[in-house]
Amino acid sequence: MLIIFAWTPPHFWALAIHRRAEYAKADIPMLPVTHGVHYTKLHILFYTLVLFAVSLLPFVIRMSGMLYLACAVVLGGRFLHWAWMLYRDSRPHAAMATFKYSIWYLFGLFIALLIDHYLLVSL
């Protein structure tokens, strides 16, 4: 549950940056509209760091094993890469790429958690 809580802001804020003009036109107070794009990018980076730390907790509390840890580190590192690219304006469509990757990140993380759980049970 904590993983989803930490994942939600960078996921939706990346989409909100991409669709900022539409949110502004519809008068929907998303973070990039109310506080600006740079502020939002900084917070995406911050929340992605928090998410990275939170995603390691299943291993820390011994709910999962090394397979999950390896996947969490690799997937989280890639998410951090996209958050950094978005923050630095290094890629023209980084907001949408970050948003799309975040979906694959969550899917991969939960698959790793599931596989790791059944590997631990069978050992």
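This text goes with the structure placed above it.
This section reports on the structure supplied with the text. (Residues numbered from 1 in each chain as written. Predicted model: local features only at pLDDT ≥ 70, side-chain atom pairs only at ≥ 80, totals over all residues. Heavy atoms only, no water.)

## Points about the overall build of the protein
In terms of helices and strands, the protein carries 7 helices and 0 strands. Taken from the N to the C terminus, the helices and strands of the protein come in the order α-α-α-α-α-α-α. Dimensions of the protein along its principal axes, counting C-alpha atoms only, are 55 × 25 × 20 Å. When burial is assessed residue by residue, the protein has 40% of its 123 residues classed as buried. (Helix = DSSP H or I, 4+ residues; strand = E, 2+ residues; numbered from the N terminus. Buried < 20%, exposed > 50% of the residue type's maximum accessible area, 1.4 Å probe, protein only.)

## Some thoughts on the packing of helix α1 (residues 2-18) against helix α4 (residues 37-55)
Running from N to C, α1 and α4 cross one another at 155°; their axes reach a closest spacing of 9 Å. When the interaxial angle is binned, α1 and α4 end up roughly antiparallel. Crossing of α1 over α4 shows left-handed handedness. Taking contact as the criterion, the partners of L2, I3, A6, W7, P9, P10, W13, A14 and I17 in α1 are, on α4, V37, T40, K41, H43, I44, Y47, T48, V50, L51, V54 and S55. The residue makeup of the contact of α1 with α4, split by class, is 15 nonpolar, 4 polar and 1 charged. (Axes fitted to C-alpha atoms, helices over the stretch in contact; angles between N-to-C directions. Parallel < 35°, antiparallel > 145°, perpendicular 65-115°, else oblique. Left-handed = near helix turned anticlockwise from the far one by under 90°. Contact = heavy atoms within 4.5 Å. Nonpolar A, V, L, I, M, F, W, Y, C, P; charged D, E, K, R; others polar.)

## Comments concerning the nonpolar core
Here is a general trend for soluble globular proteins: nonpolar side chains tend to be buried in one another's company. Core analysis: the largest hydrophobic core is formed by 17 residues, its most contacted members being I3, L51, Y68, Y105 and L109. Residue assignment for this core shows that the elements contributing at least two residues are α1, α4, α6 (66-88) and α7 (94-122). A14, L31, L45 and L86 belong to the second largest nonpolar core, which has 13 residues in total. (Core = buried A, V, L, I, M, F, W, Y, C linked by side-chain atoms within 4.5 Å.)

## Examining the environment of A14
Note on placement: A14 falls in helix α1. For A14 and S102, which are 88 residues apart along the polypeptide, the C-alpha to C-alpha distance reads 9.2 Å. Setting aside anything within four residues of it in sequence, one finds A14 in contact with I44, A95, T98 and F99.

## Describing the pattern of salt bridges
Here the structure, examined in full by the defined rule, presents 2 salt bridges. One salt bridge connects R19 with E22, and the closest N-O pair in it is separated by 3.1 Å. In this structure, the salt-bridge partner of K41 is D89, at a minimum N-O distance of 2.2 Å. With K41 in helix α4 and D89 in the loop between α6 and α7, the pair connects residues that are 48 residues apart, well separated along the chain. Overall, the relative accessible area of 55% leaves D89 in the exposed class. (Salt bridge = Lys/Arg side-chain N within 4 Å of Asp/Glu carboxyl O.)

## Considerations on the packing of α4 against α6
Between α4 and α6, the least distance of the axes is 9 Å, while the angle of their chain directions is 170°. Taken together, the axis directions place α4 and α6 in an arrangement best described as roughly antiparallel. Along its contact with α4, which presents H38, K41, L42, I44, L45, T48, L49, L51, F52 and S55, the element α6 presents Y68, A72, V73, G76, G77, F79, L80, A83, W84, L86 and Y87. Each residue belonging to the contact of α4 with α6 can be placed in one class, and the counts come to 15 nonpolar, 5 polar and 1 charged.

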